Amino acid sequence: MSPYRLRGKTVLSFSGGRTSAYMLRQVLDHNDDLSALLVLFANTGKEHPATLEFVRECAERWAVPITWLEYRDDEQGFAVVDFDTCSRDGEPFEAVIRKRKYLPNPVTRFCTVELKIRTMHRYLKSIGWTNDEGEWDQMVGIRADEQRRVSKIRKRGTSTETPKEHMLMPLADAGVSVHQLGAFWAAQPFDLMLSTVNGRTLEGNCDLCFLKPLNQVYSIIASDRSRGDWWARQERSTESTGQFAGDGARFRKDRPSYQQMMDYAEIQFDLFAEADEAIDCFCGD
Ligand code: SF4
């Protein structure tokens, strides 16, 4: 059976990147009946505007409903939004930082957990996808060449949120690599308008995500210093609470602060030329 065939109720986690969009296209092409499919996009508020355009365009061109969700610090814990009403200045992300009173970091990645994983699950629960209502699949856009992520999820088998949700990686099962994706998008009449290097979309997911390599983050700041404003503000305001001066007041204690990177960019020193690797997380491509 094709890995893209739906086995029953399925939530497809759409990150707004080329990989998960390709997965969505394959699922649409391999199923006649899509009534069991739910496509969710969780917006952190720090997505690049091109990502938001791309999500909207996929839904419109492919005539598939995509539900846009955002974290909220209220009883419900989420809001359903759309292209016009979604946050564009990190509001959901900031709300979760204010609630936790410290910043996420490479070890404690509560941003991806709260803004994406739990926001999606709170929504699923609200529409009756609960442990008492049987089991379902979640499709995530992880390619065959992302071996570390593939083996981690295979080993676990089910979601971190509920054992009733079975994790599927149809792209990995179909042996899809970054090269096939490149060929697919080159042949499409539209694309995500963000550049890639070795298959990675530099400005995908949150624009200056602390899991991205330092030289990548710095080069984005160097091209437009104002892009660092939001991130520097979070570090400053967390520091100013006094409670978490130290690790919790920086996204990365092993790097300069975002304000320092903005200051370096001002005097145009290319201090971060050496390459390091991005760290994987649920946010995906
Ligand atoms: S992209 Fe990075 S900063 Fe944004 S939610 Fe994911 S891990 Fe957190």
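For clarity, every value in this text was computed on a predicted model and none was experimentally measured. (Residues numbered from 1 in each chain as written. Predicted model: local features only at pLDDT ≥ 70, side-chain atom pairs only at ≥ 80, totals over all residues. Heavy atoms only, no water.)

Visitor: Can you help me understand the pairing of strand β2 (residues 37–42) in this one?
Guide: Regular strands place their side chains on alternate faces of the sheet. Most of β2 sits inside the fold, with 6 of its 6 residues counted as buried. Burial along β2 is two-sided: the residues L37, V39 and F41 and L38, L40 and A42 are all buried. The sheet contact formed by strand β1 (residues 10–13) and β2 spans 4 bridges and is parallel. Its bridge partner lying in β2, T10 is registered against L37. Handedness of the crossover joining β1 and β2 through helix α1 (residues 18–30) is recorded here as right-handed. Between the parallel elements β2 and strand β3 (residues 66–71), the chain passes through helix α2 (residues 49–61) in a crossover that is right-handed. (Buried < 20%, exposed > 50% of the residue type's maximum accessible area, 1.4 Å probe, protein only. Helix = DSSP H or I, 4+ residues; strand = E, 2+ residues; numbered from the N terminus. Pairing = 2+ DSSP bridges. Right-handed = clockwise from strand over helix to strand, strands pointing away.)

Visitor: Teacher, can you tell me more about the pattern of salt bridges here?
Guide: Two side chains bearing opposite charge may form a pair once their charged atoms approach each other closely. Counted according to the given criterion, the structure contains 23 salt bridges. The salt bridge partner of R98 is E94, with a shortest N-O separation of 3.6 Å. One end of the pair, R98, and the other, E94, are both in helix α3 (residues 91–100), 4 residues apart, so they sit about a helical turn from each other. The class of R98 is partly exposed, set by a relative accessible area of 34%. Residue E94 is joined to R233 by a salt bridge in which the shortest nitrogen-to-oxygen separation is 3.7 Å. With E94 in helix α3 and R233 in helix α9 (residues 229–240), this residue pair connects regions lying 139 residues apart in the sequence. Each of R100, E114, R118, R122 and E161 takes part in salt bridges that share partners, so that together they form one network. (Salt bridge = Lys/Arg side-chain N within 4 Å of Asp/Glu carboxyl O.)

Visitor: Looking at this model, I keep getting lost on the pairing of strand β4 (residues 78–81). Mind explaining?
Guide: Bridge count between β3 and β4: 4 bridges; the pairing is antiparallel. In the sheet register, Y71 faces β4, and the bridge partner there is F78. With antiparallel pairing between neighbouring strands as the criterion, β3 and β4 make up a hairpin whose turn holds 6 residues, including G77 at a positive phi of roughly 85°.

Visitor: Explain the domain arrangement of the protein here, please?
Guide: Segmenting the protein into domains produces domain 1 (10–195) and domain 2 (201–267). Of note, the centres of domain 1 and domain 2, computed from C-alpha atoms alone, are 24 Å apart. Of the residues lining the interface, 24 residues belong to domain 1; the matching set on domain 2 comes to 24 residues. When domain 1 packs against domain 2, the two sides together hide about 2,000 Å² of surface, and 59% of this comes from carbon and sulfur. For the pair domain 1 and domain 2, the interface holds 2 salt bridges. Measuring nitrogen to oxygen at the nearest pair gives 3.5 Å for the salt bridge that ties K46 to D207. (Domains from an automatic or database assignment. Contact = heavy atoms within 4.5 Å. Buried area = accessible area lost by both parts, 1.4 Å probe.)

Visitor: I would appreciate a short explanation of unusual backbone geometry in the present structure.
Guide: For residues besides glycine, phi is generally negative; the peptide bonds are generally trans as well. Positive phi outside glycine occurs at A63, with the angle close to 50°. Mapped onto the elements, A63 comes out in the loop between α2 and β3. Accessibility expressed as a relative area gives 69% for A63, which makes it exposed. Backbone geometry at N205 places phi at a positive 55°, although glycine is not the residue there. For N205, the position within the fold is in the loop between β8 (200–201) and α8 (214–223).

Visitor: What is the right way to look at the side chain of T112 in this model?
Guide: Inspection of the secondary structure assignment puts T112 in helix α4 (residues 110–126). What makes T112 buried here is its relative accessible area of 7%. With sequence-adjacent residues up to four places away left out, T112 is seen in contact with I117, C281, F282 and C283.

Visitor: Whenever I open this one, the packing of aromatic side chains confuses me. Can you help?
Guide: When we look at a pair of aromatic rings, we describe it by the centre distance and by the angle of the planes. Applying the stated criterion to the full structure yields 19 aromatic pairs. Look at W62 and F190: their rings are 5.7 Å apart centre to centre, the planes differ by 70°, and that puts the pair in the edge-to-face class. Here the residue W62 occupies a position in the loop between α2 and β3, and F190 occupies one in the loop between α7 (178–186) and β7 (196–197), the gap between them amounting to 128 residues. The class for W62 is buried, based on a relative accessible area of 11%. Seen in terms of ring centroids, F210 and F251 are 5.7 Å apart; in terms of plane orientation they differ by 20°. Their pairing is stacked. (Phe/Tyr/Trp six-rings, centres within 6.5 Å; stacked < 30°, edge-to-face > 60°.)

Visitor: I keep staring at the sheet that holds β3 and nothing clicks. Help me out?
Guide: The strands making up a sheet are joined through hydrogen bonds of the backbone, oriented either antiparallel or parallel. Pairing is mixed across the open sheet formed by 6 strands, whose spatial order is β4-β3-β2-β1-β5-β6. Looking at the sheet topology across the chains shown, the edges are occupied by β4 and β6 (165–168). Each strand of the sheet is rotated relative to its neighbour by a mean of 30°, with strand direction disregarded. (Axes fitted to C-alpha atoms, helices over the stretch in contact; angles between N-to-C directions.)

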